[in-house]
Amino acid sequence: MSVPRREFLVLSGAALFSAELLPSFFRPLGSHDTMYGIIGQMTAVPGQRDALAAILMRGTAAMPGCLSYIIATDPADANALWITEVWDTAASHQASLSLPAVQAAIAAGRPLIAAFGQRIETIPLGGTGLAGSKHTGS
């Protein structure tokens, strides 16, 4: 008996992604292993985007539990920044907010912030460049 190619691919895909056959590095992380991520937009006072970015980068050099902290400009908005953070846990992120360097960056940056845009919380699974990830793409 011959199985049509399309049906074979669908059945093979379903078997591959079943919980019993899925390799452990593709399974969802348990709560004890769950990383924490934030992607947020910040709009600077006109003409102050680069100064705000410099403050954010200076104040975040050594944050325990921080796996990635990326400041990026927005090509569609000359005053906007996107901040992408990955932490080993949500608790590490919360604890970072009380670090003296972070408090100083918040105080210095506050007058340069015109608005906060989108803020999205994520559960990072891994990827290229995420050094602390148990599930890297390398």
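The structure under discussion appears in the preceding block.
Residues numbered from 1 in each chain as written. Predicted model: local features only at pLDDT ≥ 70, side-chain atom pairs only at ≥ 80, totals over all residues. Heavy atoms only, no water.

Caption draft 1: Inspection of the overall build of the protein chain at higher detail. Regarding its fold elements, the protein chain presents four helices and four strands. When the elements of the protein chain are put in sequence order from the N terminus, they spell out α-β-α-β-β-α-α-β. In the protein chain, buried positions account for 29% of the 138 residues. Sequence separation of at least 24 residues holds for 69% of the intrachain contacts in the protein chain that already meet a minimum separation of 6. Surface accessibility of the protein chain: about 8,900 Å² in total, with carbon and sulfur atoms responsible for 63%. (Helix = DSSP H or I, 4+ residues; strand = E, 2+ residues; numbered from the N terminus. Buried < 20%, exposed > 50% of the residue type's maximum accessible area, 1.4 Å probe, protein only. Contact = heavy atoms within 4.5 Å. Areas by Shrake-Rupley, 256 points an atom, 1.4 Å probe, with all protein chains shown as cover.)

Caption draft 2: Examining helix 4 (residues 100–109) more closely. Along helix 4, the residues classified as buried are V102, A105 and G109. Seen along its axis, helix 4 keeps its buried residues to an arc of 60°; they face one direction. In helix 4, those exposed residues whose orientation departs by more than 90 degrees from the buried face are P100 and A107. (Arc of directions from axis to C-beta.)

Caption draft 3: Representation of helix 2 (residues 49–58) within the structure. The complete set of buried residues in helix 2 reads R49, L52, A53, I55 and L56. The arc enclosing the buried residues of helix 2, seen along the axis, measures out at 160°, which places them on a common side. Pointing more than 90 degrees away from the buried face of helix 2 are the exposed residues D50 and R58. As for helix 2, its buried residues are in contact with strand 1 (36–44), strand 2 (66–74), strand 3 (77–87), helix 4 and strand 4 (113–122).

Caption draft 4: The arrangement of the sheet that holds strand 3 in detail. Pairing in this open sheet of four strands is antiparallel, and the strands run 2-3-1-4 from one edge to the other. Each having just a single partner strand, strand 2 and strand 4 make up the two edges of the open sheet. Pairwise comparison of adjacent strand axes, ignoring direction, gives a mean angle of 15° for this sheet. Pairing geometry for strand 1 and strand 4, over seven bridges, is antiparallel. When the bridges of strand 4 are listed, M42 appears paired with F116. Of the strands in this sheet, strand 1, strand 2, strand 3 and strand 4 are in contact with helix 2, which crosses strand 3 at around 15°. (Pairing = 2+ DSSP bridges. Axes fitted to C-alpha atoms, helices over the stretch in contact; angles between N-to-C directions.)

Caption draft 5: Geometry of the side chain of S92. Considering the arrangement of structural elements, one finds S92 in helix 3 (residues 90–96). Polar side-chain contacts of S92 include one of 2.5 Å to the side chain of D88. When near neighbours in sequence (up to four residues on either side) are disregarded, S92 contacts P64, G65 and W87. (Polar contact = N/O pair within 3.5 Å; in protein donor to acceptor, adjacent residues only side chain to side chain.)

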